[in-house]
Amino acid sequence: MTPTSGTSSTLSATGTEPTALRTPFPTLRTPDGPVPDAAPAWNPQRGSAMPAHRYRPAHERVEVPLTERAWPAARIEQAPLWVPVDLRDGNQALAEPMDTPRKRRMFDLLVAMGFKEIEVAYPSASRTDFDFVRHLAESGAVPDDVTVVVFTPARRELIDRTFAAIEGLPRTVVHLYTATAPTWREVVLGRTRAEVQALIRDAATHLARLAAARPRADIRFQFSPEVFNLTEPDLVLEICNGLTELWDAAPDRPVTHNLPATVEIATPNVYADQIEYMHRHLARRDAVILSLHPHNDRGTGVACAELGLLAGAQRVEGCLFGNGERTGNVDLVTLALNLHTQGVDPMIDFSDIDTVRRTAEDCIRLPVHPRHPYAGDLVHTAFSGTHQDAISKGFAQHARHAAELGVPEADAPWAVPYLPIDPADLGRSYEAVIRVNSQSGKGGIAHLLQAHYGLDLPKDLRPDFSRTVQRATDGSGREATPKDLWELFRRTYLDPGVDGPLTLDSWTATEPAPGAHRVRCTLGTTGGRDAADAVSRPYEGSGNGPLAAFTDALAAAGHPVDIVGYTEHATAAGPDSAAIAYVQCRIGAATYWGAGQDTSVLTASLRAVLAAVNRRILSAPAPGA
């Protein structure tokens, strides 16, 4: 019985016949609906059983009145004000929220990186958050140029609790929020549109009254219409303009209007249109900091933020590495380093990205994915042979270009294939850029041997060794480390020159006349497959160079060989460096590579020739085979 397509069989105890059939994906089924009439012949996809009809597209859920867009032609030419919300929005998304020591460690990291406005807590939400704000106020942990942001809902008693928490802080932004989208108004708040407006105005008035009672405190205001991206644009504009007037915003004392894509519902261009509409119509625009707060439900949080900046925003709230509820807040690391790759200073220091990552992981107790942009363990790593070859050539060209410009490589313009950023900018070494497995090629293998062991493999040797590496990695299924590559190279090309069936027991080289060289040597045999045949005999050869004389001696011993390629170099700087020689020899109808290493170039060369001969001997079939 043969299993049908899409099934697998289970063998009986005897292993001779299937006892059951099962589908590997029992809950999945291949779509079997009709191919749409308008589909081209090359696309046979069919309608699935997924109930897409239950969901309304964004344009049916919220009006976007903007029709003449300026943002597609704009460019981001300077960094926005970055505001990390790891200690508030990110913290509330953790299964185990941070305690005060972990929060303080995260706060200190954010300060050290250069963030100047940091949202630190939701003081009325928990004793832990309240205590952390008091810790900052009483410990003097907040530098003179850093502003603390605290978060509060539009309820008087919670605003009172928030103001109690910030007593003594040098500079504070009190962040007021209320959900404004229709579904949230109706389902969560149970209020009409007018009632929500009244709620917000009453809370904002109370907030202003409390701030006025502290004339020596530096307190500014921020408002977030929660779920802005699903709220009627005219309502958001009316609320925000009313608060700008109520709080008497001015250019030297601006108000922040933060417009969250609390739950992503559309393509990023829709968010950009919504932001541009607000940018054009906000009153006292020079007294308003227009801020973004994208989430990542559709996986486009970074794109929403970038397009929102093009549309006129000046500030971005997010978390390091995108931590946050559901699929996360927008990732400030990716956003900032995206600017770096465009020649724009991100104004935040990521020059030790691994310390930033490790600290964040320790504080939130969540790992950063190895493929996370810029910061993951594997993001600068190439396994593909074609990628490795291009990167290796790119590194070499970069070094040459830096030398031509007369500047250090760290200051030279960066243009290395497959690496959008120099890993060194992030404090990363080049050690892990190229790694070898069964998918790797000759360029990457040669690069690693050169970088770690000083070997500059001849161009024609690289494919020969690459095949050896691929056989080893295919067989093991493992990645080959630089040490693995060296050991494999040594066993393949170097060891046969010192420990093969044909041995060079002793030798001398002379030049009796100019251009006439002579080599006298003693060659021993281990007997190959018959130890009883082991012998050691003297031989002599002559030629126009030491290697030619040695091959003449080998021919006299019954091992004729022609050298068709030769390269040698030092493996390090300095007079005591070992030399390595590579030779390509034609022996019979085939060619064999050999290598030799010694402080003497001539000794290394003779061992390389002998290695090639021994590789030929070892590859020959046994008599009668």
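About the criteria used
- Residues numbered from 1 in each chain as written.
- Predicted model: local features only at pLDDT ≥ 70, side-chain atom pairs only at ≥ 80, totals over all residues.
- Heavy atoms only, no water.
- UniProt positions renumbered as here; feature names shortened; annotations may be inferred.
- Helix = DSSP H or I, 4+ residues; strand = E, 2+ residues; numbered from the N terminus.
- Rg over C-alpha atoms; globule rule 2.2 N^0.38 Å.
- Buried < 20%, exposed > 50% of the residue type's maximum accessible area, 1.4 Å probe, protein only.
- Contact = heavy atoms within 4.5 Å.
- Areas by Shrake-Rupley, 256 points an atom, 1.4 Å probe, with all protein chains shown as cover.
- Lys, Arg positive; Asp, Glu negative; His and termini not counted.
- Charge placed at Lys NZ, Arg CZ, Asp CG, Glu CD.
- Expected span 1.5 Å × (residues − 1).
- Pairing = 2+ DSSP bridges.
- Axes fitted to C-alpha atoms, helices over the stretch in contact; angles between N-to-C directions.
- Phe/Tyr/Trp six-rings, centres within 6.5 Å; stacked < 30°, edge-to-face > 60°.
- Lys NZ or Arg CZ within 6 Å of the ring centre and 35° of its normal.
- Core = buried A, V, L, I, M, F, W, Y, C linked by side-chain atoms within 4.5 Å.
- Parallel < 35°, antiparallel > 145°, perpendicular 65-115°, else oblique.
- Left-handed = near helix turned anticlockwise from the far one by under 90°.
- Nonpolar A, V, L, I, M, F, W, Y, C, P; charged D, E, K, R; others polar.

The protein has the name 2-isopropylmalate synthase in an unreviewed UniProt entry, where Streptomyces albospinus is given as its organism. In its Catalytic activity (unreviewed entry) section, UniProt records this for the protein: "3-methyl-2-oxobutanoate + acetyl-CoA + H2O = (2S)-2-isopropylmalate + CoA + H(+)". In UniProt, the protein has this text filed under Sequence similarities (unreviewed entry): "Belongs to the alpha-IPM synthase/homocitrate synthase family. LeuA type 2 subfamily."

### Some words on the overall build of the protein
For the protein, the helix and strand inventory stands at 18 helices and 16 strands. Taking 2.2 N^0.38 as the reference for a compact globule, 625 residues should give roughly 25 Å; the C-alpha atoms of the protein span a radius of gyration of 35 Å, well beyond that estimate. Dimensions of the protein, computed from the C-alpha atoms along their principal axes, are close to 105 × 70 × 50 Å. Counting only residues that meet the buried cut, the protein has 47% of its 625 residues in that class. Considering only intrachain contacts with a sequence separation of at least 6, the fraction spanning at least 24 residues in the protein is 65%. With an accessible surface of roughly 30500 Å², the protein has 51% of that area assigned to carbon and sulfur atoms. Positive and negative side-chain charges in the protein, numbering 60 and 75 respectively, have mean positions lying 3 Å apart.

### Considering helix α9 (residues 268–281)
When the terminal C-alpha atoms of α9 are compared, their 20 Å separation across 14 residues agrees well with the 20 Å that a helix rising 1.5 Å per residue should span. Where α9 is concerned, the buried positions are Pro268, Val270, Tyr271, Ala272, Asp273, Gln274, Ile275, Glu276, Tyr277 and Met278. Structurally, α9 contributes buried residues whose contacts are with α8 (233–246), β8 (255–261), β9 (288–294) and α10 (301–310).

### Topic: the sheet that holds β8
Reading across the sheet, the eight strands line up as β3-β10-β9-β8-β7-β6-β5-β4 and stay open at both edges, with parallel pairing between neighbours. The open sheet has two edge strands with one neighbour each: β3 (81–84) and β4 (117–121). Mean inter-strand twist for the sheet, computed between neighbouring axes without regard to direction, equals 25°. Of the pairings in the sheet, the one linking strand β5 (residues 147–153) to strand β6 (residues 171–179) comprises six bridges and is parallel in character. Bridge pairing in β6 links Val149 to Val173. In this fold α8 packs onto β7 (218–226), β8 and β9, with an angle of close to 160° to the strand it touches most, β8. Of the strands in this sheet, β3 and β10 (315–318) are in contact with helix α11 (residues 332–340), which crosses β3 at around 160°.

### Section: the UniProt feature "binding site: Mg(2+)" (unreviewed entry) in the protein
On the UniProt side, "binding site: Mg(2+)" (unreviewed entry) is annotated at positions that read Asp89, His293, His295 and Asn329 here. A maximum C-alpha distance of 10.7 Å among these annotated residues, which run over 241 residues, shows that they cluster at one spot. Within the fold, Asp89 resides in helix α2 (residues 86–90). Here His295 lies in the loop between β9 and α10. Residue classification places His295 among the buried positions, given a relative accessible area of 4%. Once residues lying within four places of it in the same chain are set aside, the contact partners of His295 are Asp89, Ala261, Thr262, Glu264, Gly301, Glu325, Arg326, Gly328, Asn329 and Val330.

### Overview of the packing of aromatic side chains
Summed over all chains, the structure comprises eleven aromatic pairs. Pairing Tyr122 with Tyr177 gives two aromatic rings, centres 6.4 Å apart and planes at 85°, and the pair type is edge-to-face. Placement of the pair is Tyr122 in the loop between β4 and α4 (127–139) and Tyr177 in strand β6, with a sequence separation of 55 residues. Connected via pairs of aromatic rings, a cluster forms that spans Tyr453, Phe465, Trp486, Phe489 and Tyr493. Of note, Arg88 hangs over the ring of Phe151, and the distance from its end group to the ring centre comes to 3.5 Å. For Arg161, the ring lying beneath its charged end belongs to Phe130, and the centroid distance is 3.7 Å.

### Quick look at the nonpolar core
In terms of nonpolar packing, the biggest core is built from 94 residues, with Trp82, Met106, Val120 and Leu320 touching the most fellow members. Judged by nonpolar contacts, the second largest core, of 27 residues, contains Ala382, Val416, Ile445 and Phe465.

### A look at the sheet that holds strand β14 (residues 562–570)
A sheet is described by the order of its strands in space; here three strands give the open sequence β14-β15-β16, paired in antiparallel fashion. The sheet terminates laterally at β14 and β16 (590–598), the two strands that pair on one side only. Averaged over all adjacent pairs, the angle separating strand axes in this sheet is 15°, with direction ignored. With eight bridges joining them, β14 and strand β15 (residues 579–587) adopt antiparallel strand pairing. Counterpart to Tyr566 in the pairing with β15 is Val583. Of the strands in this sheet, β14, β15 and β16 touch helix α18 (residues 601–619), which is tilted by about 140° from β16.

### Structural notes on the packing of α8 against α9
Direction vectors running N to C along α8 and α9 enclose 40°, while the axes themselves pass 11 Å from each other. The angle between α8 and α9 falls in the class oblique. Of the two elements, α8 crosses α9, and the hand of that crossing is right-handed. Note on element contacts: α9 touches α8 through Tyr277, Met278 and His281, opposite Pro233, Val236, Leu237, Cys240 and Asn241. Taken together, the residues of the contact of α8 with α9 sort by class into six nonpolar, two polar and no charged.

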